[in-house]
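Spelled out, the chains give:
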Amino acid sequence: MSTGMPAILGGTPARTKPYPPVNTLGPEERRLVLDVLDSGVLSDFVAHDGPSFNGGRVVKQLEAEFCARFGVEHAISVNSATSGLHCALAAALVGLGDEVIIPPYTMSATATTVACLNATPVFADIDPKTFCLDVEDVKRKLTPRTKAIVAVNLFGGPAALHALRALADAKGLSLIEDNAQGPGAKAGVDWTGTVGHLGVFSLNFHKTIQCGEGGVVVTRDARLADRVRLMRNHGEVVQAQRPSIDPELEGLLGYNYRLTELQAAVALAQVRRLDELTENRIVMADALSKGLAGIDGLTPPYVAAGDKHVYYMYAFKIDEQKFGLSRAELKAALDAEGVFTSVGYVVPIYLYPMYRKSVAAKRRGFGAGIWHPSDASVSYEKGACPVTERMHEKELVLTNICRADLGHADAMEFVTAIRKVFEHRAAVRDKLRAHGGR
Ligand SMILES: *Cc1c(COP(=O)(O)O)cnc(C)c1O
């Protein structure tokens, strides 16, 4: 089967028009926002014990529908998933000198929220199939100081959540799910976000369901939920009004992590539309995986039998040797085809400057607990998580074209682009290498 000449060799590009900007907002969002505007109440939180401690009408409605949607007892909205992670870690009583095991292949906030509590992020490597925490490496990173594990359901696929929950329970630790990228995904029969003791969703503009900025923490545990609510809304004030204080919360200080009624209105419409906003992502991803199947050197995303992936990102792997082009050469050729890819995701986050020994030594203030130079379990050096580094440097290729508003034709263009480049890989390689590129 011939698919035509690659654009980088002078052929016609597989895609000739730019991708349209993402806009998932519709009439339901507009209607609910206008209702809030007409009511005149843009936020109904008050930092005092009483009916307004937990927010206004729409905030409460959003939380009720989140509970119903994901089958949990408690959902607490916050103004971002970053705030939500901070609250969840505090609810798990993470504090000075504690260690929290996290993957390094994630958005920065998974780690900084640990540092915010003067605790130490300890990085465990990832599984090269799922890109999520490798349970065996988590076990190797456990120490007597370990207090919690944060599993990230990366790119919309579930981490090994049940194995991690069993491990956490056996060791008396908390499992927190960073489910920012995974609303609607499943680990077996369970929604991601609900297997851990606490789960954190993002409603940031770039996520599958969004309200600009926002987040939701879910839990089945009333005590954990209470702590998250105290963190969200100046809990120290409310504690002063309560007849007694949970001894573990005596030092608790709260923040202003409250969601406005306007944002809650958008989020409410979006959570009602979660299936609609997710289904097509899966259809497109399945078409991509089918199209890439059988191309030597490319591995489509892995989904374990019985799990559900929601493809916040479509992440596949290249074996440069087998494919016959380097990852950078593939990307250059796909750029010429007009189809979107990016490579590597993020650097393993322990390589960010904030983790450098010299920085930590200078800045006593930032996270007194962040650096235990004598502690063998803590390494922020290159080489600390080799699988993550390999994915970042060599193997991972991403595309974000699995969207609610794109379709089969867009997926097929992508497949055609890759097939053309693969078929003509020798000529593509000669052309790119002749120009001194690699
Ligand atoms: C987006 C994201 C966050 C942060 O979400 P915000 O709502 O922007 O604070 C945290 N973790 C992961 C994995 C994310 O993708």
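The coordinates are above.
Reading guide: rules and limits
Residues numbered from 1 in each chain as written. Predicted model: local features only at pLDDT ≥ 70, side-chain atom pairs only at ≥ 80, totals over all residues. Heavy atoms only, no water. Buried < 20%, exposed > 50% of the residue type's maximum accessible area, 1.4 Å probe, protein only. Helix = DSSP H or I, 4+ residues; strand = E, 2+ residues; numbered from the N terminus. Pairing = 2+ DSSP bridges. Right-handed = clockwise from strand over helix to strand, strands pointing away. Core = buried A, V, L, I, M, F, W, Y, C linked by side-chain atoms within 4.5 Å. Contact = heavy atoms within 4.5 Å. Axes fitted to C-alpha atoms, helices over the stretch in contact; angles between N-to-C directions. Near = heavy atom within 4 Å. Polar contact = N/O pair within 3.5 Å; in protein donor to acceptor, adjacent residues only side chain to side chain. Areas by Shrake-Rupley, 256 points an atom, 1.4 Å probe, with all protein chains shown as cover. Nonpolar A, V, L, I, M, F, W, Y, C, P; charged D, E, K, R; others polar. Salt bridge = Lys/Arg side-chain N within 4 Å of Asp/Glu carboxyl O. Phe/Tyr/Trp six-rings, centres within 6.5 Å; stacked < 30°, edge-to-face > 60°.

Caption draft 1: Expanded view of the pairing of strand β4 (residues 146-152). Counting buried positions along β4 gives six out of seven residues, so the element sits mostly inside the fold. Inspection of the sheet shows strand β2 (residues 99-102) paired to β4 by three bridges, in the parallel sense. Bridge pairing in β4 links Glu99 to Thr146. For the segment spanning β4, helix α6 (residues 161-171) and strand β5 (residues 174-178), crossover handedness is right-handed.

Caption draft 2: Molecular detail of the nonpolar core. Judged by nonpolar contacts, the single largest core of 73 residues is most densely connected at Phe123, Phe131, Ile149, Leu164 and Ile176. The element contributing the most residues to this core is helix α3 (residues 81-91), with seven residues. Dropping the residues within four chain positions of it, Leu164 is found in contact with Leu133, Val135, Val138, Ile149, Ala151, Ala159 and Leu175. One finds Ile295, Phe316, Phe323 and Val339 within the second-largest nonpolar core, a separate group that totals 35 residues.

Caption draft 3: Structural detail: the sheet that holds strand β3 (residues 120-123). What the seven strands build is an open sheet, ordered β1-β9-β8-β5-β4-β2-β3; its pairing is mixed. This sheet does not close on itself; its edge strands, each paired only once, are β1 (74-78) and β3. Mean inter-strand twist for the sheet, computed between neighbouring axes without regard to direction, equals 25 degrees. Note: β2 against β3, four bridges, orientation parallel. Residue pairing in the sheet places Ile101 in a bridge with Val122 of β3. Lying over the sheet, helix α4 (residues 109-116) contacts β2, β3, β4 and β5, oriented at roughly 145 degrees with respect to β3.

Caption draft 4: Focus on the environment of Thr112. Among the secondary structure elements, Thr112 is positioned in helix α4. Residues Thr112 and Met354, 242 residues apart in the sequence, show an inter-C-alpha distance of 9.6 Å. In contact with Thr112, not counting residues within four places along its chain, are Met354 and Tyr355.

Caption draft 5: Main features of the site of the ligand. Close to the ligand lie 14 residues; Thr82, Asp178, Gln181, Ser202 and Lys207 are nearest. Side-chain polar atom of Lys207 to an oxygen atom of the ligand: 3.1 Å apart, as the coordinates give it. Protein contact buries 92% of the 380 Å² of open area that the ligand shows by itself. For the shell around the ligand, the class distribution of residues is four nonpolar, eight polar and two charged.

Caption draft 6: Region of interest: the environment of Asn54. With respect to the helices and strands, Asn54 occurs in the loop between α1 (27-39) and α2 (57-70). Owing to a relative accessible area of 24%, Asn54 belongs among the partly exposed residues under this scheme. Spatially, the C-alpha atoms of Asn54 and Ile76 are 8.7 Å apart, while their sequence positions differ by 22 residues. What Asn54 contacts, discounting residues up to four positions off in sequence, is Phe45, Val59, Lys60, Arg229 and Arg232. Reaching out from Asn54, the side chain makes a polar contact with the side chain of Arg232 at a distance of 3.4 Å.

Caption draft 7: Seen up close, unusual backbone geometry. Here the phi dihedral of Leu93 falls at roughly 65 degrees; this positive angle occurs in a residue that is not glycine. The topology assignment puts Leu93 in the loop between α3 and β2. Even without glycine at this site, His234 takes up a positive phi of about 50 degrees. Following the sequence through the fold, His234 ends up in the loop between α7 (222-232) and α8 (235-241).

Caption draft 8: Focus on the pattern of salt bridges. Counted under the stated rule, the structure contains 28 salt bridges. With its nearest N and O atoms 3.9 Å apart, the salt bridge here joins Asp35 to Arg31. Of the two residues, Asp35 and Arg31 both sit in helix α1, four residues apart, roughly one turn of that helix. In this structure Asp35 comes out as partly exposed when scored by relative accessible area, which is 35%. The partner of Lys394 in a salt bridge is Glu320, with the nearest N and O atoms 3.7 Å apart. Pair noted here: Lys394 is in helix α14 (residues 386-395) and Glu320 is in helix α11 (residues 320-323), with a separation of 74 residues, a long-range link. A relative accessible area of 44% means that Lys394 is categorised as partly exposed. If you follow the salt bridges from partner to partner, you end up with Glu28, Arg31, Asp35, Glu65 and Arg272 in one network.

Caption draft 9: Layout of the packing of aromatic side chains. The tally for this structure, following the rule as stated, stands at 16 aromatic pairs. A ring pair is formed by Phe155 and Tyr345, whose centres lie 4.9 Å apart and whose planes are at 80 degrees; its orientation type is edge-to-face. On the criterion of sequence distance, the pair formed by Phe155 in the loop between β4 and α6 and Tyr345 in the loop between β12 (342-343) and α13 (357-362) is long-range, its members being 190 residues apart. By relative accessible area, which is 22% here, Tyr345 ends up partly exposed. Ring centres 5.1 Å apart and planes at 10 degrees place the aromatic pair Tyr255 and Tyr257 in the stacked group. Given the relative accessible area of 27%, Tyr255 is considered partly exposed. Residue classification places Tyr257 among the buried positions, given a relative accessible area of 15%. One aromatic cluster is present, built from ring pairs that chain together Phe66, Phe70, Trp191 and Phe201.

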